[in-house]
Amino acid sequence: MVLPDPATYLLFLSAAVALILAPGPDTLFVLSQGVQSRGLGVRAALGVAVGVLFHTALAALGLAAVYRTVPAAADAVRLLGGAYLALLGAATLRNAGERAVGDSEPENRAAGATATGGFRRGFLVNAANPQVALFFLALLPGFIEGPDRTLGMAVLGGTYAVLTAGYLAAVATAADAAASLVGARSTRVLLDRVAGAVLIGLGAWVVLG
């Protein structure tokens, strides 16, 4: 069977929703971007979703198995991903300090944001986590029967990506709304500094594995 039957697909949807709602690095990353601005957070959410598609392709084509058979490759990607998160955190802390002296364009300054910056960072944060690839390699085949599972895995991975984008975009919007309720500039700067600390902590967590 190339595609899952309706009952199996509904079972996958239930599992996917439960997994997506569980707090993890992607959620914390988008939250840290959302408190800076809604646009930055939503773009980060979309980047994470495209990262999910990237890992789906690796799993469907069998390339994700390299992480399992060559642990050094997984370690290298994990270290690079952790270092990238730490650099983002440091940049966020630095720009939060600049905002304190009168930055009037926080979305353009925070963490070096550009029109595509949030999207790019979201993608790299997800794509540079080999644990996601191994997770998909273990999860998706269980919902597909038959020797040729590529199309079915693509459908399930695409579904997971759409659900991820919707949920994380809502997280970003809620984070921005909560931050907008805070009127004091000093408090907004504090939120940015907390976001930077979260990113550095995530980087350390990824590196330590």
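Caption draft 1: Region of the structure containing the overall build of the protein chain. Scanning the protein chain for helices and strands turns up 10 helices and 0 strands. Its helices and strands in sequence order give the protein chain the pattern α-α-α-α-α-α-α-α-α-α, from N to C terminus. Taking all 209 residues of the protein chain together, 44% fall into the buried category. Pairs at least 24 apart in sequence give 82% of the contacts found in the protein chain among residues at least 6 apart. If you sum the accessible surface of the protein chain, you get close to 9,700 Å²; carbon and sulfur atoms cover 71% of it.

Caption draft 2: Main features of the nonpolar core. One finds Phe-12, Phe-136, Leu-140, Met-153, Leu-156 and Tyr-160 to be the most contacted residues of the largest nonpolar core, which totals 17 residues. Elements supplying a minimum of two residues to this core: α1 (6-21), α3 (38-60), α8 (130-139) and α9 (150-180). With near-sequence residues (within four places) excluded, Phe-12 lies in contact with Leu-139, Leu-140, Phe-143, Leu-156, Thr-159 and Tyr-160. Ala-44, Val-125, Ala-169 and Leu-202 belong to the second-largest nonpolar core, a separate cluster that totals 16 residues.

Caption draft 3: Summary view of the side chain of Asn-126. Mapped onto the fold, Asn-126 is located in helix α7 (residues 117-127). Excluding its chain neighbours within four sequence positions, the residues that come into contact with Asn-126 are Asp-26, Val-48, Gly-51, Val-52, His-55 and Val-132.

Caption draft 4: Structural view of the side chain of Thr-164. Structurally, Thr-164 is set in helix α9. Ignoring anything within four residues of it in the chain, the contact list for Thr-164 reads Ile-20, Val-48 and Val-52.

Caption draft 5: Region of interest: the packing of helix α2 (residues 25-34) against α9. Closest axis-to-axis distance for the α2/α9 pair is 8 Å, and the angle between their directions is 35°. Relative to α9, the crossing made by α2 is right-handed. Residue-level contacts link Asp-26, Thr-27, Val-30, Leu-31 and Gly-34 of α2 to Tyr-167, Leu-168, Val-171, Ala-172, Ala-175 and Asp-176 of α9. Here the residues of the contact of α2 with α9 sort into 7 nonpolar, 2 polar and 2 charged.

Caption draft 6: Seen up close, the packing of α1 against α9. For the pair α1 and α9, interaxial distance at closest approach is 10 Å and the crossing angle is 40°. Here α1 is positioned oblique relative to α9, judged by the angle of their axes. Between α1 and α9 the crossing geometry is right-handed. Facing Tyr-9, Phe-12, Leu-13, Ala-16, Val-17, Leu-19, Ile-20 and Leu-21 of α1, the residues of α9 in contact are Leu-156, Thr-159, Tyr-160, Leu-163, Thr-164 and Tyr-167. By residue class, the composition of the contact of α1 with α9 is 12 nonpolar, 2 polar and no charged.

Caption draft 7: Representation of the layout of surface pockets in the model. A volume near 630 Å³ is recorded for the largest pocket. Gly-24, Pro-25, Asp-26, Asn-129 and Val-132 are, among the 27 residues lining the largest pocket, the residues nearest its centre. Among the elements of the structure, α1, α2, α5 (71-99), α7, α8, α9 and α10 (185-208) are those that each provide at least two residues to the lining of the largest pocket. Looking at the lining of the largest pocket residue by residue, the class counts come to 17 nonpolar, 8 polar and 2 charged.

Caption draft 8: Region of the structure containing a nonpolar patch on the surface. A surface patch of nonpolar side chains, amounting to about 300 Å² of accessible area, comprises Leu-46, Val-50, Leu-53 and Phe-119. In terms of residues, the nonpolar patch owes the most to one element, α3, which gives 3 residues. Along the chain, the position of Leu-46 falls in helix α3. A residue is classified by how much of its surface remains accessible, and Leu-46, at 41% relative accessible area, is partly exposed.

Caption draft 9: Highlighting the confidence of the model for the protein chain. Mean pLDDT over the protein chain works out to 79, with 82% of the residues at or above the 70 mark. No element of the protein chain has a lower mean pLDDT than helix α6 (residues 106-109), at 45, and none a higher one than α3, at 92. Within the model, pLDDT remains below 50 along residues 99-113, and this stretch shows 30 contacts once partners closer than five positions in the same chain are excluded.

Caption draft 10: Representation of the packing of aromatic side chains within the structure. Here the structure, examined in full by the defined rule, presents 4 aromatic pairs. Considering the side-chain rings of Phe-12 and Phe-143, the 5.3 Å spacing of their centres and the 80° angle between planes classify their relative orientation as edge-to-face. With Phe-12 in helix α1 and Phe-143 in the loop between α8 and α9, this pair connects stretches of sequence that are 131 residues apart. An angle of 75° between the planes, with centres 5.2 Å apart, marks the rings of Phe-136 and Tyr-160 as edge-to-face. Highlighted residues: Phe-136 in helix α8 and Tyr-160 in helix α9, separated in sequence by 24 residues. For Phe-136, a relative accessible area of 2% gives the class buried.

Definitions and limits used
Residues numbered from 1 in each chain as written. Predicted model: local features only at pLDDT ≥ 70, side-chain atom pairs only at ≥ 80, totals over all residues. Heavy atoms only, no water. Helix = DSSP H or I, 4+ residues; strand = E, 2+ residues; numbered from the N terminus. Buried < 20%, exposed > 50% of the residue type's maximum accessible area, 1.4 Å probe, protein only. Contact = heavy atoms within 4.5 Å. Areas by Shrake-Rupley, 256 points an atom, 1.4 Å probe, with all protein chains shown as cover. Core = buried A, V, L, I, M, F, W, Y, C linked by side-chain atoms within 4.5 Å. Axes fitted to C-alpha atoms, helices over the stretch in contact; angles between N-to-C directions. Left-handed = near helix turned anticlockwise from the far one by under 90°. Nonpolar A, V, L, I, M, F, W, Y, C, P; charged D, E, K, R; others polar. Parallel < 35°, antiparallel > 145°, perpendicular 65-115°, else oblique. 1 Å grid on protein atoms, 1.4 Å probe; cavity = no way out; pocket = protein on both sides within 12 Å on 5 of 7 lines; lining within 4 Å. Points joined across faces, edges and corners; volume = space filled by probe spheres on them. Patch = residues over 30% accessible without salt bridge, like charges linked within 9 Å, V, L, I, M, F, W, Y side chains within 5 Å. Salt bridge = Lys/Arg side-chain N within 4 Å of Asp/Glu carboxyl O. pLDDT = per-residue confidence, 0-100. Phe/Tyr/Trp six-rings, centres within 6.5 Å; stacked < 30°, edge-to-face > 60°.

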